[in-house]
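# Overview (structure and organization)
This is what each chain is made of:
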Number of protein chains: 2
Amino acid sequence: MTDTTSRDTDQTRPGFRPLYAQVRELLVARIARGEWAPGEALPSEGQIAADLDVSQGTVRKALDAMTADRLLVRRQGRGTFVASHDENRVLFQFFKLTPDGGAREFPTSRLLKVETGRATADERTVLELRPNARVIRIERVRDLAGGPALIETISLPAALFPGFEKGEVPNNLYGLFATRYGVSIAVASETLKAVSADAKVATDLGVPNGSPLLMIERVARSIDGTAVEWRRSLCRTDRFHYVSELR
Amino acid sequence: MTDTTSRDTDQTRPGFRPLYAQVRELLVARIARGEWAPGEALPSEGQIAADLDVSQGTVRKALDAMTADRLLVRRQGRGTFVASHDENRVLFQFFKLTPDGGAREFPTSRLLKVETGRATADERTVLELRPNARVIRIERVRDLAGGPALIETISLPAALFPGFEKGEVPNNLYGLFATRYGVSIAVASETLKAVSADAKVATDLGVPNGSPLLMIERVARSIDGTAVEWRRSLCRTDRFHYVSELR
DNA sequence: AAGTGGTCTAGACCACCGA
DNA sequence: CGGTGGTCTAGACCACTTT
């Protein structure tokens, strides 16, 4: 094919989308459908190019964009893999609380409560649910560097996680979402405030009543943009801090 | 040139660097030297390619990488421009405190103090300065959405900003750094904690003594990696919140 | 040696901008 | 209209990994 333009690309208007964007969309959809599991290799660039009848360069551009979005991991000489939510990824992408003197580490968990119930108004708003939708609620204390660091309350749309209560609640929730339910967390927005510890929280975290705590509210979304998790954390910052890279 | 390899690229070892990375490095150095001012256009891709005797595709890859790092702004049909620190960029890249109900906005400033002095031990460590180095210190209160939002203390290496005290202290410091001193802030790391307001700060911010505040410590670095600013902010979060996008 | 992603080139054409 | 960046292709060769 010598002529570049005998395709979708030359639409003079209005829904023009670059070919690589279309390729990307297609691949994202296939990953979201679970066609390739987390950690699994995609076909080679040349293979995909042949299948879709586009050039390898176009496929490469789509894969590079997906890699930049952390959807894929490329390994030279080996292949291109669907990103998995192993502890390392979750630690660096999603867990921003760090011991003051030391290195980043993954927190442990002590479960306080798991329940299912009708979504509150707030939960419906944040998670974009219908009236009467049900949610799973999790409450747990997490330890870091040998002591309690935070207490977190998590709300999940029950419809996305059937049978959730019958299993264990693992330390790394996002890993479970991905492997058991095919729900891959892609991005999260966090909102931070400073608040005072009330009596219950102070006890759970072992700090004086009224101590300043960092409150983190997170909404996590999957690859296709669905709101999947609402999480509120209350964090000690006397021995820990939250890191944020501005770039 | 049909043979791809008659260049630096085919070094079998050890200091192998892709051509586009070398091009990028060169261009970054020239920008850091002030060869093109913020807001100014670079030569066209073809021009740069011809000058450096590489292909346009290689130049494009270098420019794309620099654009991803927010060093450049590309505008189709017009050219490639050195990123400037206008209020919009500073607002979205560096100012993460937002009014609770409303849209992001740029804060105003009320100057409390400007002074020059010998760097403290902390300042020397954070800003990577020699013993006896001098620093400029700025203290100001910043208003957002019609009320005091934060009080910030800033330390700058005096050597980088000669004559700083003779001029005004603008609201947008990074703009001044770029245009007057050729120092372009590229990245910043922030560390967040929750603390209690002491009497002085409580007065400045108009909150009760002991109120929880968000403390933000920032180290900002220029294009070439030099630590340029150490900033500590104490923020009200009763009407504001800090946003952090995890991706 | 074979297969994968990574780099580099060359050239054609499209989309956008300003004169 | 001419110039700029944006897309797409095709092909050669390099670097890395596994067999």
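Rules used throughout
Residues numbered from 1 in each chain as written. Chains lettered and ligands numbered in written order. Predicted model: local features only at pLDDT ≥ 70, side-chain atom pairs only at ≥ 80, totals over all residues. Heavy atoms only, no water. Least-squares fit on C-alpha atoms with pLDDT ≥ 70 in both. Contact = heavy atoms within 4.5 Å. Buried < 20%, exposed > 50% of the residue type's maximum accessible area, 1.4 Å probe, protein only. Helix = DSSP H or I, 4+ residues; strand = E, 2+ residues; numbered from the N terminus. Phe/Tyr/Trp six-rings, centres within 6.5 Å; stacked < 30°, edge-to-face > 60°. Lys NZ or Arg CZ within 6 Å of the ring centre and 35° of its normal. Disulfide = S-S within 2.5 Å. Pairing = 2+ DSSP bridges.

What follows deals with the relation of the copies chain B and chain A. Mapping chain B onto chain A is achieved by rotating through 180° and translating by 0.0 Å along the same axis, at an RMSD of 0.1 Å. Such a combination of turn and shift is consistent with a two-fold rotation axis. Of all interface residues in chain B, 100% are interface residues in chain A too; the two copies therefore contact each other through one and the same surface.

Below, the discussion takes up helix H4 (residues 87–94) of chain A. Of the positions making up H4 of chain A, those classed as buried are Arg89, Val90, Leu91, Gln93 and Phe94 of chain A. Looking at the packing, one finds that the buried side of H4 of chain A touches helix H6 (173–181), strand S7 (185–196) and strand S8 (212–222) of chain A together with strand S10 (240–246) of chain B.

A few words now on the packing of aromatic side chains. The tally for this structure, following the rule as stated, stands at 10 aromatic pairs over all chains. Relative to Phe164 of chain A, the ring of Phe161 of chain A lies with its centre 6.4 Å away and its plane at 70°, an arrangement referred to as edge-to-face. When its relative accessible area of 1% is taken as the criterion, Phe161 of chain A is described as buried. Relative to Tyr181 of chain A, the ring of Phe161 of chain A lies with its centre 5.1 Å away and its plane at 90°, an arrangement referred to as edge-to-face. A residue pair is termed long-range when its members are at least 10 positions apart, and Phe161 of chain A in the loop between strand S6 (147–157) and H6 and Tyr181 of chain A in helix H6 qualify at 20 residues. Here Phe161 of chain A and Tyr181 of chain A have matching classes, each one buried. Aromatic rings pair up to connect Phe94, Phe161, Phe164, Tyr174, Phe177 and Tyr181 of chain A into one cluster. Between Arg75 of chain A and the ring centre of Phe81 of chain A, over which it is positioned, the NZ or CZ distance is 4.4 Å. Lying over the aromatic face of Tyr20 of chain B, Lys61 of chain B brings its terminal NZ or CZ to 4.6 Å of the ring centre.

Applying the stated criterion across every chain yields a total of zero disulfides over all chains. Sulfur of Cys235 of chain A: no disulfide; nearest cysteine sulfur belongs to Cys235 of chain B and is 17 Å away. Accessibility expressed as a relative area gives 1% for Cys235 of chain A, which makes it buried.

Here the focus is the pairing of S10 of chain B. Most of S10 of chain B sits out of view: six of its seven residues are buried. The pairing of S7 of chain A with S10 of chain B spans five bridges and is classified as antiparallel. Residue pairing for S10 of chain B: Thr191 of chain A is matched across the bridge by Val243 of chain B. Sheet analysis places strand S3 (residues 97–99) of chain B next to S10 of chain B, joined by three bridges and oriented antiparallel. Bridge pairing in S10 of chain B links Thr98 of chain B to His241 of chain B.

This paragraph deals with the pairing of strand S2 (residues 79–82) of chain B. Residues and elements named next belong to chain B. Here strand S1 (residues 72–75) runs beside S2; their pairing, made up of four bridges, is antiparallel. Along S2, the bridge assignment pairs Arg75 with Gly79. The antiparallel pairing of S1 with S2 creates a hairpin that spans three residues between the two strands, and Gly77 there sits at a positive phi of about 85°.

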